[in-house]
Amino acid sequence: GENVEQHPSTLSVQEGDSAVIKCTYSDSASNYFPWYKQELGKRPQLIIDIRSNVGEKKDQRIAVTLNKTAKHFSLHITETQPEDSAVYFCAASTGQAGTALIFGKGTTLSVSS
Amino acid sequence: DTAVSQTPKYLVTQMGNDKSIKCEQNLGHDTMYWYKQDSKKFLKIMFSYNNKELIINETVPNRFSPKSPDKAHLNLHINSLELGDSAVYFCASSPSSGNTIYFGEGSWLTVV
């Protein structure tokens, strides 16, 4: 089955800096790669996703890149703000019947002002 | 009008007890899930149902039994609770398998 590795496990940046979180996946059939943000005591919420027919997707300060050959994808947050502090999860899925999103172990991002 | 709602939000119970968590979604989705988030924040799939049919059953002790009376509801019953069952249990739904999932608010289970 699918296995998703996520790095780093913790990341501390200064406000205004950029943050990059990287994930690798094992199943070459995976074609859907979402990113979730989980604030303390809250549910994980989707912030951006990318499908395998696209190499990059951007939404304001957040961007995701995908390299299908290398089987890795990354989340980029620019101009970080204290409210970006949270746990971020990457996930992967083949989208086939009987499958579910498989999550990485999460990255705790701390943005200090 | 919460999209995925689960109850109770907090549950403190003694070892050996039996408890249930209920989940309902009003998004019209076909697929529902239970994920477990342990103290290290790892989100692990437990079960998935598609239109009331069990389609994913990960390596979960058989003390855990999901039930889906209809495609909008997925409940989780846990027998003989153990200390290691303490975690946050998230219900979720998606339009179809392996697609974007929408989480409920979570149920914080503490076994003492």
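Here the structure is a predicted model, which means the values were calculated and not measured.

**Concerning the overall build of chain A**
Counting its secondary structure elements, chain A contains 0 helices and 11 strands. Ordering the α and β elements of chain A from the N terminus gives β-β-β-β-β-β-β-β-β-β-β. Along the longest, intermediate and shortest principal axes, the C-alpha atoms of chain A span 45 × 30 × 20 Å. Out of the 113 residues in chain A, the part that is buried amounts to 44%. The long-range share in chain A, meaning contacts at least 24 apart out of those at least 6 apart in sequence, stands at 54%. Total accessible area on chain A is roughly 5,500 Å²; 46% of this is exposed by carbon and sulfur atoms. Charged side chains of chain A number 11 positive and 12 negative; the gap between the two group centres comes to 5 Å.

**With respect to the nonpolar core**
Formed by 23 residues in total, the largest nonpolar core has its most connected members in W35, F73, L75 and L109 of chain A. Contributions of two or more residues to this core are made by β2 (10-14), β3 (19-25), β4 (32-38), β5 (45-51), β7 (62-67), β8 (72-77), β9 (86-92) and β11 (107-112) of chain A. Counting residues in each nonpolar core, the second largest holds 19 residues, with W34, F47, I78 and A87 of chain B among its members.

**Observations concerning the interface of chain B and chain A**
Taken together, the contact between chain B and chain A spans 22 residues of the former and 23 residues of the latter. Between chain B and chain A, roughly 1,800 Å² of surface is buried when both sides are summed, and carbon and sulfur atoms account for 59% of that area. Contact with chain A buries surface across chain B, with L43, G98 and F103 of chain B losing the most and accounting together for 26% of the total. At the junction of chain B and chain A, the tally comes to 1 salt bridge. Between R43 of chain A and E105 of chain B there is a salt bridge, with its nearest N and O atoms 3.3 Å apart. Put simply, chain B and chain A have 8 residue pairs in polar contact (both at pLDDT 80 or more) between them. Secondary-structure elements contributing two or more residues to the side of chain B that touches chain A are β4 (31-37), β5 (43-50) and β6 (53-57) of chain B. Top element by residues in the side of chain B that touches chain A is β4 of chain B. It accounts for 3 residues.

**Digging into the pattern of salt bridges**
Residues and elements named next belong to chain B. The final tally for this structure, using the stated rule, is 7 salt bridges over all chains. In this structure, E82 and R63 form a salt bridge, with 3.5 Å as the shortest nitrogen-oxygen distance. With a gap of 19 residues between them, E82 in the loop between β8 (73-78) and β9 (87-94) and R63 in the loop between β6 and β7 (64-70) connect regions that are remote in the sequence. Of the residues examined, E82 reaches a relative accessible area of 41% and is grouped as partly exposed. In this structure, D85 and R63 form a salt bridge, with 2.8 Å as the shortest nitrogen-oxygen distance. Taken together, the positions of D85 in the loop between β8 and β9 and R63 in the loop between β6 and β7 put the pair 22 residues apart, joining distant regions of the chain. The same class applies to D85 and to R63, which are both buried. Within this structure, R63, E82 and D85 form a network of salt bridges that share partners.

**A short note on the sheet that holds β8 of chain A**
Residues and elements named next belong to chain A. If you trace the 5 strands from one edge of the open sheet to the other, you get β1-β3-β8-β7-β6, paired in antiparallel fashion. Two strands in the sheet have a free side with no partner beyond their single neighbour: β1 (4-7) and β6 (56-59). For this sheet, the mean angle separating the axes of adjacent strands, direction not counted, is 15°.

**Observations concerning the sheet that holds β8 of chain B**
Residues and elements named next belong to chain B. Spatial strand order, β1-β3-β8-β7: 4 strands in an open sheet with antiparallel pairing. Two strands close off the open sheet at either side, each with one partner strand: β1 (4-7) and β7. The mean angle between the axes of side-by-side strands here comes to 15°, regardless of whether they run parallel or antiparallel.

**With respect to the confidence of the model for chain B**
Per-residue pLDDT for chain B averages 94, and the proportion of residues at 70 or more is 98%. Averaged pLDDT values for the elements of chain B fall to 90 in β6 of chain B and rise to 98 in strand β3 (residues 19-25) of chain B.

The rules behind these values
- Residues numbered from 1 in each chain as written.
- Chains lettered and ligands numbered in written order.
- Predicted model: local features only at pLDDT ≥ 70, side-chain atom pairs only at ≥ 80, totals over all residues.
- Heavy atoms only, no water.
- Helix = DSSP H or I, 4+ residues; strand = E, 2+ residues; numbered from the N terminus.
- Buried < 20%, exposed > 50% of the residue type's maximum accessible area, 1.4 Å probe, protein only.
- Contact = heavy atoms within 4.5 Å.
- Areas by Shrake-Rupley, 256 points an atom, 1.4 Å probe, with all protein chains shown as cover.
- Lys, Arg positive; Asp, Glu negative; His and termini not counted.
- Charge placed at Lys NZ, Arg CZ, Asp CG, Glu CD.
- Core = buried A, V, L, I, M, F, W, Y, C linked by side-chain atoms within 4.5 Å.
- Buried area = accessible area lost by both parts, 1.4 Å probe.
- Salt bridge = Lys/Arg side-chain N within 4 Å of Asp/Glu carboxyl O.
- Polar contact = N/O pair within 3.5 Å; in protein donor to acceptor, adjacent residues only side chain to side chain.
- Pairing = 2+ DSSP bridges.
- Axes fitted to C-alpha atoms, helices over the stretch in contact; angles between N-to-C directions.
- pLDDT = per-residue confidence, 0-100.

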